[in-house]
Amino acid sequence: MGGLHDVLLTTLRESLRREFIVNEIKWLRLVINNRDVARLPFMTYLIDKSAMIRNVINEAEYMGARVRFGVTAVRCTAKNNNYECLVHDKDGGEYVITTRMLIGADAYPSIVDLSLGITNGLVLRI
């Protein structure tokens, strides 16, 4: 393989804890119209994503983070070495969260990412 695949695989091996690995995948089988077309070497891992996320949340809370569920970021700004995010909660409330550190775990397209101009989103050109 080589290149990016090797970099990603090395990163996984060095950072992913064994307890989250459900299975190691070593081959990719390509089937088209119910016909085996190819079998290719392809090393990757099947992980227990929910256990891994629970662990990350527990570690973040242990280190002092406050994790909020049921809150949707509407807009975020950087202000005086802090971040301010206007959020809506699941009950329809609206308020501002001010924090020194911000992790936008709001999936793609990330409101946190877009409103802070971190990567300006992913643009696909076809």
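See the structure shown above.
Residues numbered from 1 in each chain as written. Predicted model: local features only at pLDDT ≥ 70, side-chain atom pairs only at ≥ 80, totals over all residues. Heavy atoms only, no water.

Undergrad: Break down the nonpolar core for me, with residues and values.
TA: In this structure, L9, L16, F20, I21, M43, Y45 and A51 together form the largest nonpolar core, which totals seven residues. Residues within four places of L16 in sequence aside, it is in contact with T11, I21, Y45, I47 and M52. Grouped together as the second largest cluster of nonpolar side chains are six residues, C76, C85, V87 and V112 included. (Core = buried A, V, L, I, M, F, W, Y, C linked by side-chain atoms within 4.5 Å. Buried < 20%, exposed > 50% of the residue type's maximum accessible area, 1.4 Å probe, protein only. Contact = heavy atoms within 4.5 Å.)

Undergrad: Describe the pairing of strand 1 (residues 21-32), naming the residues involved and giving the relevant values.
TA: Pairing of strand 1 with strand 2 (residues 35-47), which is carried by 10 bridges, proceeds in the antiparallel orientation. Of the residues in strand 2, the one forming a bridge with W27 is P41. (Pairing = 2+ DSSP bridges. Helix = DSSP H or I, 4+ residues; strand = E, 2+ residues; numbered from the N terminus.)

Undergrad: So what about helix 2 (residues 49-62)? Which residues, and what values?
TA: For helix 2, built from 14 residues, the straight-helix expectation of 20 Å at 1.5 Å per residue is met to within 8% by its first-to-last C-alpha distance of 20 Å. G64 occupies a position one or two residues after helix 2 and carries a positive phi of about 105 degrees. (Expected span 1.5 Å × (residues − 1).)

Undergrad: Summarise the environment of Y83; cite the residues concerned and give the values.
TA: Assignment of secondary structure puts Y83 in strand 4 (residues 82-89). By relative accessible area, which is 29% here, Y83 ends up partly exposed. Separated by 16 residues in the primary sequence, Y83 and T99 have C-alpha atoms spaced 5.3 Å apart. When near neighbours in sequence (up to four residues on either side) are disregarded, Y83 contacts T77, A78, I97, T98, T99, R100, M101, L102 and L116.

Undergrad: Can you explain the sheet that holds strand 3 (residues 71-79)? Please cite residues and give values.
TA: Pairing within the open sheet is antiparallel, and its three strands lie in the order 3-4-5. Looking at strand neighbours, the two that pair on one side only are strand 3 and strand 5 (94-99), the edges of this open sheet. Going from strand to strand, the sheet's axes swing by 25 degrees on average, the running direction of each strand aside. Relative to strand 4, strand 3 is paired through eight bridges, and the arrangement is antiparallel. Across the sheet, residue A78 finds its bridge partner in strand 4, namely Y83. (Axes fitted to C-alpha atoms, helices over the stretch in contact; angles between N-to-C directions.)

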